[in-house]
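One-letter residues, chain by chain:
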Amino acid sequence: MVLAGVVFVCGSLIPYIQMNQYHSILVNGGNFENILEKDAIFSPHTTATDMVCTQIIGNVSIPITKTFNEVTPEIKAYVPFLQNVLLRCSDTLTKSTDPVDRFLISTIYMYLGNITNEKVYFDKSDALIKSIFDQSPKRQPFVEFAGVNSFFKRDFVNAKKQFTEALKTNPNSRQATYYLNTINSFGIK
């Protein structure tokens, strides 16, 4: 009987409390930084934690620049926030069986690589993209993302291959067409 009560509390009550706290912060004008600072939402780890991480990362949008020299101080100010997102969410979403979760974390690594110009972030993003391809090789958005990642690492040959593959899956992709045309304008074969 006691065991059943513990299972009930851990299995339903704690995630419910976590989601209530998450929604309470949003309703009261809080932002993602406020959410990331609340230990109660991330500990203990529950299904609500996964949902919160997915929602936070899905709403992060940081402009990607062409070169490291173009990164503005406003964009550099995102680094602590992105590192906090990784601290709270990367273990959970990296181990997920859903490739979209790994895609989201790889996006954060790519943002950090682009902002800081540190190869380690690009390598982690690449490793997650590779695991996504291993699991679902024909998912067109992942192919495009890998192309964008390669493009910003200046690996134009690989990027061209990935955007060409993405266009085979979705010939109407404006993003793949744009990057492929840009790469072709560089004279990359």
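In case you missed it, the structure is sitting above this.
Just so you know, these numbers come straight off a predicted model, no measurement behind them. (Residues numbered from 1 in each chain as written. Predicted model: local features only at pLDDT ≥ 70, side-chain atom pairs only at ≥ 80, totals over all residues. Heavy atoms only, no water.)

A.B. asks: Which residues make up the overall build of the protein chain, and what values go with them?
C.D. replies: Each helix and strand counted, the protein chain has eleven helices and zero strands in total. Counting helices and strands in the order they occur from the N terminus, the protein chain gives α-α-α-α-α-α-α-α-α-α-α. Residues counted as buried form 42% of the 189 residues belonging to the protein chain. For the protein chain, the share of sequence-separated contacts (at least 6 apart) that also reach a separation of at least 24 residues comes to 59%. When the accessible surface of the protein chain is totalled, it reaches about 10,400 Å², and 59% of it is carbon and sulfur. (Helix = DSSP H or I, 4+ residues; strand = E, 2+ residues; numbered from the N terminus. Buried < 20%, exposed > 50% of the residue type's maximum accessible area, 1.4 Å probe, protein only. Contact = heavy atoms within 4.5 Å. Areas by Shrake-Rupley, 256 points an atom, 1.4 Å probe, with all protein chains shown as cover.)

A.B. asks: Tell me about the packing of aromatic side chains, and name the residues and values.
C.D. replies: Per the stated rule, a full pass over the model turns up eight aromatic pairs. Relative to Phe145, the ring of Phe103 has its centre 4.9 Å away and its plane inclined at 75 degrees; by these criteria the two rings are edge-to-face. Note that Phe103 is positioned in helix 7 (residues 99-116) and Phe145 in helix 9 (residues 140-152), a separation of 42 residues in sequence. Phe145 matches Phe103 in its accessibility class, with the two residues each being buried. Judged by centre distance (5.1 Å) and plane angle (65 degrees), the ring pair of Phe156 and Phe186 falls under edge-to-face. (Phe/Tyr/Trp six-rings, centres within 6.5 Å; stacked < 30°, edge-to-face > 60°.)

A.B. asks: Hey, could you go over the nonpolar core for me, with residue numbers and the actual values?
C.D. replies: Ranked by size, the top nonpolar core spans 32 residues in total, and within it Phe42, Leu82 and Ile108 carry the most contacts. Looking at this core, the elements with two or more residues in it are helix 1 (2-27), helix 2 (32-36), helix 3 (39-42), helix 4 (47-58), helix 6 (79-94), helix 7 and helix 8 (119-135). Each residue touching Leu82, except ones within four places of it in the same chain, is listed here: Val60, Ile62, Ile108, Tyr111, Leu112 and Ile115. (Core = buried A, V, L, I, M, F, W, Y, C linked by side-chain atoms within 4.5 Å.)

A.B. asks: So, helix 11 (residues 174-185): which residues are in play, and what are the values?
C.D. replies: Taking 1.5 Å per residue as the helical rise, helix 11 with its twelve residues ought to reach 16 Å, and the 16 Å between its terminal C-alpha atoms agrees with that figure. Among all positions in helix 11, only Ala176, Tyr179, Leu180, Thr182 and Ile183 are buried. Buried residues of helix 11, viewed axially, fall in a sector of 160 degrees; they line one side. Seen from the buried face of helix 11, the exposed residues on the opposite side, beyond 90 degrees, are Arg174 and Ser185. Of the surrounding elements, those touching the buried residues of helix 11 are helix 9 and helix 10 (156-169). Within two residues after helix 11, Gly187 carries a phi angle of roughly 80 degrees, on the positive side. (Expected span 1.5 Å × (residues − 1). Arc of directions from axis to C-beta.)

A.B. asks: Lay out the packing of helix 8 against helix 9 with the relevant residues and their values.
C.D. replies: Interaxial distance between helix 8 and helix 9 falls to 10 Å at its minimum, and their mutual angle equals 155 degrees. Judged by the inter-axis angle, helix 8 sits roughly antiparallel to helix 9. Judged by the twist between their axes, the crossing of helix 8 over helix 9 is left-handed. Packed against helix 8, whose contacting residues are Phe122, Ser125, Asp126, Ile129, Ile132 and Phe133, the element helix 9 presents Phe142, Val143, Phe145, Ala146, Asn149 and Phe152 at the interface. Among the residues making up the contact of helix 8 with helix 9, the classes are represented as nine nonpolar, two polar and one charged. (Axes fitted to C-alpha atoms, helices over the stretch in contact; angles between N-to-C directions. Parallel < 35°, antiparallel > 145°, perpendicular 65-115°, else oblique. Left-handed = near helix turned anticlockwise from the far one by under 90°. Nonpolar A, V, L, I, M, F, W, Y, C, P; charged D, E, K, R; others polar.)

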